[in-house]
Amino acid sequence: MKRTLYLKFVLAYIIFGLFGFIVVASFTSSMTLEHLKRERANALYKEAVLISNTYAADLYNSEVTLESVWRQVEAIDTFLNAPVWIVNPSGLVVVDSRSPLDIENPTTIPNFTPTITGSSYYTVGDFFGMFEEDTISAFAPITSQYKVQGYVIIHGSMADLQKSCDSLLNISYLTLVILFLLSLIILLFFTSIVYIPLRKITHATEQYAVGNFHYEFQVDSEDEIGYLAASLAYMASEVAKSEDNQKRLVANISHDFRSPLTSMRGYLEAMLDGTIPPELHEKYMGVVLNETDRLTKLTNSLLTLNNLNTKGMILDKTVFDINQVIKNTAASFEGTCRNKLITIELVLTGEFMNVNADMVKIQQVLYNLVDNAIKFSHKNSSIKIETIERSNKLLVSVKDHGIGIPKESLKLIWNRFYKTDLSRGKDKKGTGLGLSIAKEIIHSHNENIDVVSTEGEGTEFIFTLEKAP
């Protein structure tokens, strides 16, 4: 598998860094310069308003001399590091903080117009060709007797603003680099927490795909990836168990088919070669017939179990009296019970008890449970079949006082062909499929079946059914 996911993540990380530098170099640079320009213009404008309302107004009101005003604006120039001009409406520079007073040769601004600022109070440019570089110029009108007498104009260098902007951008670049390096932690975390576990999971799925379901891997994580790894490992273990069960199933089927076939072949060959005399043929033909019945029963059980396991199995649900079905099932074992001196006790709720289920299949469940109870019960014992109401459910219990089931076998009795060691001597003709069939039928009804057993004392099987309204 190509490591496209990791490469995409690294590529996204690099693109993030490039876009970060582009944003700082373009948008952040222009926004910072614009902010500094407005800050500078605002500061210059405040100074210009202050001068226009004091020194410049006094000058036009003839309250101070021109030389006195020049000294004041020169001092302000030194403090602000910005040229201060007092200009007449016609463009004549009355006072220039950076030029000595020269009344005979005054400087005139060509094509001067105060409307250059538009709706703002400052403008940026060479100021009518008076400067060789871009300058930010703030205007403040000088009013006297309700008339504009001139303007105070303070100029600030855009080069100085650009240097300040570059200094701030250098800090931004440095911060971006630090953030970019720190974001490597995310990449490292992604590698250790996401990518490496995903590689382990991918490798495990490759092993499972080729049939190696016993491959083990470990992902030490308590998040969704850890849960995915645990689920995958559990799935593999269950598939491995299923394979093992399938092998045991084939082995059990082979054994259960081979035994009667071997017996039948032996008897038939013995009759053909004369080992068994003709007068005993009828006896051993009966044995062969009995073995064929055993094979037929085994085959029918396998077909039944296979149909029950088919998804979408259709149940012929009807409303019927479970009490009558129990009575009929118990009656069918009358001869067998008489031979073993076993009694069947019926403790049924009500004269009638209607349930909603597939009557034929439920009858098969009862037949299998009662048949098992009789097989593993002692002579002169009893079997109790009882029904109990629980809300909208009916509990059906089949209880015997036989040999019981060992504790270690309780979870295995539902497996196909499983027989406990205690049952092998008593259940020679059993297929080991009866309980599997019963479980599948009950589960297909969305109901439950359970077992309670004590070795040497007896066993009780309990299953639920839905009561009919």
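What counts and what doesn't
- Throughout, a residue's number is its position along its own chain's written sequence, starting from 1.
- The predicted origin of the model limits local features to residues at a pLDDT of at least 70 and limits the giving and counting of side-chain atom pairs to 80 or more, whereas totals for whole chains, interfaces and linings rest on all residues.
- Hydrogens and water are ignored here; the side-chain numbers use all heavy atoms of the structure.
- Strands here mean DSSP runs of E at least two residues long; helices mean DSSP runs of H or I at least four residues long; both are numbered from the N terminus.
- Categorising residues by exposure relies on relative accessible area from a 1.4 Å probe, with only protein chains included: less than 20% of the type maximum marks a residue as buried, more than 50% marks it as exposed, and the intermediate range marks it as partly exposed.
- The span you would expect from a helix comes to 1.5 Å times its residue count less one.
- Axes are fitted to the seven residues ending at a residue and to the seven starting at it; the angle between these axes is taken as the bend at that residue.
- The axes used here are C-alpha line fits, helices contributing only the stretch in contact, and every angle between their N-to-C directions lies in the interval 0 to 180 degrees.
- By definition, turning the near helix anticlockwise from the far helix through less than a right angle yields a left-handed crossing, and turning it clockwise yields a right-handed one.
- When checking whether two residues touch, look at their non-hydrogen atoms; a contact exists if any pair is within 4.5 Å.
- Here the nonpolar group is Ala, Val, Leu, Ile, Met, Phe, Trp, Tyr, Cys and Pro; Asp, Glu, Lys and Arg are the charged ones; every other residue, Gly included, is treated as polar.
- Two strands are said to pair when DSSP picks up at least two bridges between them.
- Like-charged residues within 9 Å of one another, or nonpolar side chains (Val, Leu, Ile, Met, Phe, Trp, Tyr) within 5 Å, are grouped into patches, provided each residue has over 30% relative accessible area and no salt bridge.
- Note on areas: Shrake-Rupley with a 1.4 Å probe; residue coverage comes only from the protein chains shown.
- Counted as salt bridges are all cases of a side-chain nitrogen of Lys or Arg within 4 Å of a carboxyl oxygen of Asp or Glu.
- A residue counts as positive if it is Lys or Arg and as negative if it is Asp or Glu; His and the chain ends are not included.
- In plain terms, the charge of a residue is placed at NZ if it is Lys, CZ if Arg, CG if Asp and CD if Glu.
- Any angle that falls under 35 degrees is termed roughly parallel, while one over 145 is termed roughly antiparallel, one within 65 to 115 roughly perpendicular, and all others oblique.

Quick look at the environment of Ile76
Next up, step 1: Counting through the fold element by element, Ile76 comes out in helix α3 (residues 66-80).
Next up, step 2: A relative accessible area of 15% places Ile76 in the buried class.
Next up, step 3: Considering only alpha carbons, one finds Ile76 and Ser97, 21 residues apart in sequence, at a separation of 8.4 Å.

With respect to helix α1 (residues 4-53)
Next up, step 1: Look at α1: 71 Å from first C-alpha to last across 50 residues, which is about the 74 Å you get at 1.5 Å a residue.
Next up, step 2: Residue Thr28 marks the point of greatest curvature in α1, where the axis turns by about 35°.

Quick notes on the packing of helix α10 (residues 359-375) against helix α12 (residues 434-444)
Next up, step 1: In the contact formed by α10 and α12, the axes pass within 9 Å of each other and the chain directions differ by 145°. Crossing geometry of α10 relative to α12 is assigned as left-handed. Across the interface between the two elements, Lys361, Ile362, Gln364, Val365, Asn368, Leu369 and Asn372 of α10 pack against Gly434, Leu435, Ile437, Ala438, Ile441 and Ile442 of α12.
Next up, step 2: Residues of the contact of α10 with α12, tallied by class, amount to eight nonpolar, four polar and one charged.

Brief notes about the sheet that holds strand β4 (residues 122-125)
Next up, step 1: The six strands are arranged β3-β2-β1-β6-β5-β4 in an open sheet whose pairing can be described as antiparallel. Edge positions in the sheet fall to β3 (107-108) and β4, since each of these pairs with one other strand and no more.
Next up, step 2: Bridge count between strand β1 (residues 84-87) and strand β6 (residues 147-157): four bridges; the pairing is antiparallel. Bridging across to β6, Val87 finds its partner in Tyr151.
Next up, step 3: Contacts from α1 reach β1, β4, β5 (135-144) and β6 within the one sheet, and its direction differs from that of β5 by about 25°.
Next up, step 4: On top of the sheet, α3 reaches β1, β2 (92-96) and β6; it is set at about 70° to β2, its chief contact.

Focus: a negative patch on the surface
Next up, step 1: A grouping of Asp126, Glu132, Glu133, Asp134 and Asp160 is seen on the molecular surface, where their side chains present a negatively charged patch.
Next up, step 2: If you trace the backbone, Glu132 turns up in the loop between β4 and β5.

Concerning the packing of α1 against helix α4 (residues 158-182)
Next up, step 1: Where α1 contacts α4, the axes come no closer than 9 Å and their chain directions differ by 150°. By the criterion of interaxial angle, the relationship of α1 to α4 is roughly antiparallel. Crossing of α1 over α4 shows right-handed handedness.
Next up, step 2: For the contact of α1 with α4, the class distribution of residues is 17 nonpolar, eight polar and two charged.

Regarding the sheet that holds strand β13 (residues 458-466)
Next up, step 1: Read from one edge to the other, the open sheet built from five strands follows the order β8-β10-β11-β13-β12, with strand pairing classed as mixed. Sheet topology places β8 (343-347) and β12 (449-454) at the edges, where each strand pairs with a single neighbour. Across the sheet, the mean angle from the axis of one strand to that of its neighbour is 15°, orientation sign disregarded.
Next up, step 2: Two strands pair when backbone bridges link them, and strand β11 (residues 393-400) and β13 are joined in this way by eight bridges, in the antiparallel orientation. Counterpart to Val398 in the pairing with β13 is Phe461.

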